[in-house]
Amino acid sequence: MIVLAISFALLLAIGAGGQRARAVSAAPNGWYWPTGKVIAAPAPGWLQSRPTQYKLGPAWHVAWDDVASHKAGDPCYALDWGVVVLSRMDVSGYGPGGGKGGAMVVRYDTSDGTYFNALYGHVVIDLKKFKVGTKVTPGEQLCTLNKYSPPHLHFGIHLGTGNPKPLPWTKPKFVSTVSMLMGHTYDTTKTASGKIVPETYGFTDPAGFLLNHTPWIAPPSSLTTPSVPATSAPKSSFYGRGLLSPKRPAGSKNIQLICQHLENGKWVKKATFFATDVDATASHSSYVATAGLAMTGSWRVQALAPGNMDFPARQSGWAYLTIK
Ligand SMILES: [Zn+2]
């Protein structure tokens, strides 16, 4: 956490000069940059040719390789709210000496609704913590640089939500079972003006992309404490309801009502009911659950809204009722 704080203090300094508040991000536009450092566009390494390293003709590098002043163990960060779509420690070429190493792909979206996959390569990942489907939060440390020489992050941005197609890694020696981990492209394409350029298969200059887009920002969200009756009879049904914003599609069942019973001075979870969302206002859903509790005594009820890549998880305050 200390490292994180220092890094963000640095970003604060860079972002100073008229920019305020959201200074934890780099180019004052809101992203947490993957190594905590703003990179100018075009990114170092973007479309750099590698004709001597590989013998199958020109190989263009579809990511950045910022090799300046990094060391093994340096942290890499989540750009924004996102979800892990791939996380492996056995990818050929990403380890020290070109052996097997870590690579992670995290999906994000921008304020204009553009989804993209960000690739972090040459890294060490805690695979227990970062599995496929794990939600990440802005600025969260995802991994650290491994001992590849020199230590650096191979960072790519691929637009959309899928794999690059067609798959460029179909040539002998470069076959990859996971094309999203692509580091290079070997093909060319012709522009409208007839110029021959590298075929990037949906990859884009990562620094240019981050500088020219802003992250998706969660709108102020809220989940009110469920309203329940003060008393109810055993096994008799009652409503637990409240408001959720931003609103979810009507019919969604994303809210849970957690019911705890007071036993020997301790609250013990005894029941969960799912609420259905209905439209309340232009900005809010109303959630409604039908609950029924058998045991007499004191109860308390809380609403829980699980997070997704666009919304953080939320929990409401507690509402109290007596069953008698
Ligand atoms: Zn690279």
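Residues numbered from 1 in each chain as written. Predicted model: local features only at pLDDT ≥ 70, side-chain atom pairs only at ≥ 80, totals over all residues.

Enquirer: Where do I start with the overall build of the protein chain in this structure?
Expert: Scanning the protein chain for helices and strands turns up two helices and 21 strands. Among the 324 residues that make up the protein chain, the fraction classed as buried is 33%. By sequence separation, contacts in the protein chain at least 24 residues apart represent 64% of the contacts at least 6 residues apart. (Helix = DSSP H or I, 4+ residues; strand = E, 2+ residues; numbered from the N terminus. Buried ≥ 20, exposed ≤ 12 C-beta atoms within 10 Å, placed from the backbone. Contact = placed C-beta atoms within 7 Å.)

Enquirer: Quick question: what am I supposed to make of the nonpolar core here?
Expert: Proteins that are soluble and globular tend to have nonpolar side chains buried together. With 42 residues, the main nonpolar core has Met104, Val106, Ala118, Tyr120, Val123 and Leu142 as its most contacted residues. Listed by contribution, the elements that provide at least two residues to this core are strand E3 (75-77), strand E4 (82-92), strand E5 (100-109), strand E6 (115-124), strand E8 (141-145), strand E9 (153-159) and helix H2 (206-212). Leaving out residues up to four positions away in the same chain, methionine 104 has contacts with Val84, Leu86, Ser87, Tyr120, Val123, Ile125, Phe130, Leu142 and Cys143. Residues Leu244, Cys259, Leu293 and Leu321 belong to the second largest nonpolar core, which totals 18 residues. (Core = buried A, V, L, I, M, F, W, Y, C linked by C-beta atoms within 7 Å.)

Enquirer: Could you clarify how one ought to interpret unusual backbone geometry in this entry?
Expert: Glycine aside, residues mostly have negative phi angles, and peptide bonds mostly take the trans form. Backbone torsion omega between alanine 41 and proline 42 reads -5 degrees, so that peptide bond is classified as cis. The topology assignment puts proline 42 in the loop between helix H1 (2-15) and strand E1 (60-61). Across the junction of serine 149 and proline 150, the peptide omega takes the value -10 degrees, indicating a cis bond. Inspection of the secondary structure assignment puts proline 150 in the loop between E8 and E9. Positioned with a positive phi, leucine 47 is a non-glycine residue whose angle comes to about 60 degrees. Position of leucine 47 relative to the elements: it lies in the loop between H1 and E1. The exposure class of leucine 47 is partly exposed, given the 16 C-beta atoms found within 10 Å. Backbone geometry places lysine 235, a non-glycine residue, at a positive phi of 65 degrees. With respect to the element layout, lysine 235 can be found in the loop between strand E15 (231-232) and strand E16 (237-245). Since 10 C-beta atoms lie within 10 Å of it, lysine 235 is described here as exposed.

Enquirer: Would you mind going over the sheet that holds E16 with me for this structure?
Expert: Hydrogen bonds between backbone groups are what pair the strands of a sheet, and the pairing can be parallel or antiparallel. Taking strand neighbours across the sheet as the criterion, the eight strands line up as E14-E16-E19-E18-E17-E20-E21-E15 in an open arrangement whose pairing is mixed. Each having just a single partner strand, strand E14 (222-223) and E15 make up the two edges of the open sheet. Alignment of E14 against E16, held across two bridges, turns out to be antiparallel. Considered in E16, the bridge of serine 222 is made with serine 245. (Pairing = 2+ DSSP bridges.)

Enquirer: What am I meant to see in the environment of aspartate 90 here?
Expert: Looking at the secondary structure, you find aspartate 90 in strand E4. On the basis of neighbour count, aspartate 90 is assigned to the exposed category, with 12 C-beta atoms found within 10 Å. Spatially, the C-alpha atoms of aspartate 90 and alanine 103 are 8.1 Å apart, while their sequence positions differ by 13 residues.

Enquirer: Would you mind going over the confidence of the model for the protein chain with me for this structure?
Expert: In low-pLDDT segments, the atomic positions of the prediction should not be examined closely. Looking at the protein chain, the pLDDT average stands at 82 and 83% of residues meet or exceed 70. Across the protein chain, element-level confidence peaks in E8 with a mean pLDDT of 96 and bottoms out in H1 with 35. In the model, residues 168-178 has pLDDT below 50 throughout and makes 16 contacts with residues more than four positions away in sequence or in other chains. (pLDDT = per-residue confidence, 0-100.)

Enquirer: Mind showing me how you'd approach the pairing of E8 here?
Expert: In summary, the side chains of a regular strand alternate between the two faces of the sheet. Summarising the sheet, E3 and E8 pair through three bridges and their orientation is antiparallel. Residue pairing for E8: tyrosine 77 is matched across the bridge by glutamine 141. Summarising the sheet, E6 and E8 pair through two bridges and their orientation is antiparallel. Bridge assignment links valine 123 to a residue of E8, and that residue is leucine 145.

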